[in-house]
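# Report on the structure
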Amino acid sequence: MYEFFEAIFWPLKWIVEAILTVWHNLFSALGMDPNSGVTWVLSIVGLVIVVRSLTIPLTVKQIKAQRKMLETAPEMRKIQAKYKGKRDQYSREAMNREMMALYKKHGTNPLASCFPILVQMPIFLALFFVLRNAAENNPGVGLMNEQLTSSFNNAIFFDAPLKMTFTEGIQSGNVIVAVMLGVIMVAMILSQFFTQKQIISKNISDETKNSPMYRQQQMLLYILPLGFLFSGFVFPLALNIYWLLSNLWTMGQQAIVINAMPNPGSEAWRKKQERLRRKGKLVPEENSVSTDINELETRGQRQQPMSAKRAKKQGGKK
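Residues numbered from 1 in each chain as written. Predicted model: local features only at pLDDT ≥ 70, side-chain atom pairs only at ≥ 80, totals over all residues. Heavy atoms only, no water.

- By the naming in an unreviewed UniProt entry, the protein goes by Membrane protein insertase YidC and is assigned to Canibacter oris.
- Here is the UniProt Sequence similarities (unreviewed entry) comment for the protein, exactly as written: "Belongs to the OXA1/ALB3/YidC family. Type 1 subfamily."
- What UniProt states about the protein under its Function (unreviewed entry) heading is, verbatim, "Required for the insertion and/or proper folding and/or complex formation of integral membrane proteins into the membrane. Involved in integration of membrane proteins that insert both dependently and independently of the Sec translocase complex, as well as at least some lipoproteins. Aids folding of multispanning membrane proteins." (UniProt positions renumbered as here; feature names shortened; annotations may be inferred.)

## Overview of the overall build of the protein
- Across its full length, the protein holds 16 helices and two strands.
- Every one of the 318 residues in the protein was classed for burial, and the buried ones make up 39%.
- Contacts in the protein between residues far apart in sequence, at least 24 positions, make up 69% of those at least 6 positions apart.
- Accessible surface, the protein as shown: approximately 18,400 Å² in total, 63% of it carbon and sulfur. (Helix = DSSP H or I, 4+ residues; strand = E, 2+ residues; numbered from the N terminus. Buried < 20%, exposed > 50% of the residue type's maximum accessible area, 1.4 Å probe, protein only. Contact = heavy atoms within 4.5 Å. Areas by Shrake-Rupley, 256 points an atom, 1.4 Å probe, with all protein chains shown as cover.)

## Here's the deal with the packing of aromatic side chains
- A full pass over the atoms with the stated rule returns six aromatic pairs.
- Taken together, a centroid distance of 5.5 Å and an interplanar angle of 55° make the contact between Phe128 and Phe129 tilted. The two residues Phe128 and Phe129 agree in class, both being buried.
- Cluster of aromatic residues (ring-pair linked, three or more members): Phe128, Phe129 and Phe235. (Phe/Tyr/Trp six-rings, centres within 6.5 Å; stacked < 30°, edge-to-face > 60°.)

## Some thoughts on the UniProt feature "transmembrane region" (unreviewed entry) in the protein
- Using the residue numbers shown here, the UniProt feature "transmembrane region" (unreviewed entry) corresponds to residues 38-60, 110-131, 175-194 and 219-245.
- In this annotation, residues 38-60 is assigned 96% helix and 0% strand; the end-to-end C-alpha distance for the span is 33 Å.
- Across residues 175-194 one finds 100% helix and 0% strand; the C-alpha atoms that close the span lie 28 Å apart.

## Some details on the nonpolar core
- Of all hydrophobic cores here, the largest spans 43 residues; its most connected members are Val16, Leu47, Leu127, Leu162, Leu237 and Tyr242.
- Mapped onto this core, the elements with two or more residues apiece are α2 (10-29), α3 (37-54), α6 (115-135), α7 (146-153), α9 (175-202) and α13 (237-260).
- If you tally residues by element for this core, the top one is α6, at nine residues.
- With residues up to four places along the chain from it excluded, the contact list for Val16 reads Leu47, Ile123, Ala126, Leu127 and Val130.
- Residues Met76, Ile79, Met99 and Tyr103 belong to the second largest nonpolar core, which totals seven residues. (Core = buried A, V, L, I, M, F, W, Y, C linked by side-chain atoms within 4.5 Å.)

## As for the packing of α3 against α13
- Where α3 meets α13, the closest approach of the two axes is 9 Å, and the angle between their N-to-C directions is 45°. The pairing of α3 with α13 is recorded here as oblique in orientation. In this structure, α3 meets α13 at a crossing whose hand is right-handed. Of α13, the residues touching α3 (which contributes Val41, Ile44, Val45, Leu47, Val48, Ile49, Val51, Arg52 and Ser53) are Ala238, Ile241, Tyr242, Leu245, Ser246, Trp249, Thr250 and Gln253.
- Looking at the contact of α3 with α13, its residues break down into twelve nonpolar, four polar and one charged. (Axes fitted to C-alpha atoms, helices over the stretch in contact; angles between N-to-C directions. Parallel < 35°, antiparallel > 145°, perpendicular 65-115°, else oblique. Left-handed = near helix turned anticlockwise from the far one by under 90°. Nonpolar A, V, L, I, M, F, W, Y, C, P; charged D, E, K, R; others polar.)

## Quick look at the side chain of Thr165
- Inspection of the secondary structure assignment puts Thr165 in the loop between β2 (160-161) and α8 (166-172).
- Contacts of Thr165, omitting those with residues within four sequence positions, involve Val177, Leu181, Phe233, Val234, Phe235 and Pro236.

## A few points about the pattern of salt bridges
- The final tally for this structure, using the stated rule, is three salt bridges.
- Ionic pairing is found between Lys82 and Glu98, a salt bridge with its closest N-O pair at 3.0 Å. Pair noted here: Lys82 is in helix α4 (residues 56-82) and Glu98 is in helix α5 (residues 89-106), with a separation of 16 residues, a long-range link.
- On the basis of relative accessibility, which here comes to 47%, the residue Lys82 falls in the partly exposed class.
- A single salt-bridge network, built from bridges that share partners, covers Glu274, Arg277 and Arg278. (Salt bridge = Lys/Arg side-chain N within 4 Å of Asp/Glu carboxyl O.)

## Re the environment of Val141
- Its location among the elements puts Val141 in the loop between α6 and α7.
- Each C-alpha atom of the pair Val141 and Pro11 lies 8.9 Å from the other, and the pair is 130 residues apart in sequence.

## Quick word on unusual backbone geometry
- Of note in the backbone geometry, Phe158 takes a positive phi value of approximately 55° without being a glycine.
- Here Phe158 lies in the loop between β1 (156-157) and β2.
- Positive phi values are uncommon outside glycine, yet Asp159 reaches one of about 65°.
- You can see Asp159 is positioned in the loop between β1 and β2.
- With a relative accessible area of 59%, Asp159 lands in the exposed category.

## Regarding α5
- Between its first and last C-alpha atoms α5 spans 26 Å; for 18 residues at 1.5 Å apiece the expected length is 26 Å, and the two agree.
- Those residues of α5 lying buried are Ser91, Ala94, Met99, Leu102, Tyr103 and His106.
- With its phi angle positive at about 65°, Gly107 sits one or two positions after the end of α5. (Expected span 1.5 Å × (residues − 1).)

Rendered as structure tokens:
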């Protein structure tokens, strides 16, 4: 089974090896020790920079998808209200069909927010196979030749072998590895929690906070970060360093996005409007953005005709 998955990831392994090798050769050419753990860690930093830079277009697509989801919120609530209390299979299927038609109408997808991480996961697994082969002193499929493989296999980062896992560190009596991976696990959990927390608390509109989707996101806020416990115990130190750096990139990128392009109606959006207002840079048309969601609720609702007698009666009450 391992060989099967390794064969599937062969093209990605070649790419990952090429990126790592290019960075490693660059740092070696600058005078750094090619066998040093620091050189290999910096090569992993380079890999993170390349991978995350290439996923920036997906992040922009994610932001656009999130904003379109905000536009669908009023219509989603109408569909949910229509089937409220109906638990039979026919009603659930009908509600799902209407929801899918709504997503198609607005050109969005609730899974769009997962695209960046879905793209990163194959890279993560490819790096896992590359590092595992190197840890077993097996040359790679591309530029990771015997010399580079041996170099990584013996690389030490602050007295901690990069190829070691938490369990191997405990079994071998290398407390440094166990402590370092423990710190990395805590850092990954906190960075993931903070990233999701700033989205939920600052970049979600008041309208969305009243929807069931928001309650689900709050649950995931406390569940998803715990997955890094598995990563810390199972994967080697080098792979956990990659994942931590990727998390920190996400946290910084998310902070920039929320500050520069907040979702309309959110706390971050109101703060941005206030900053622009103080600087005198608030465009008049932007004042109408806060009413967009309310207008979506009333859009398409036809006003019932009123007879002259009824209008006169209401006019007399004023």
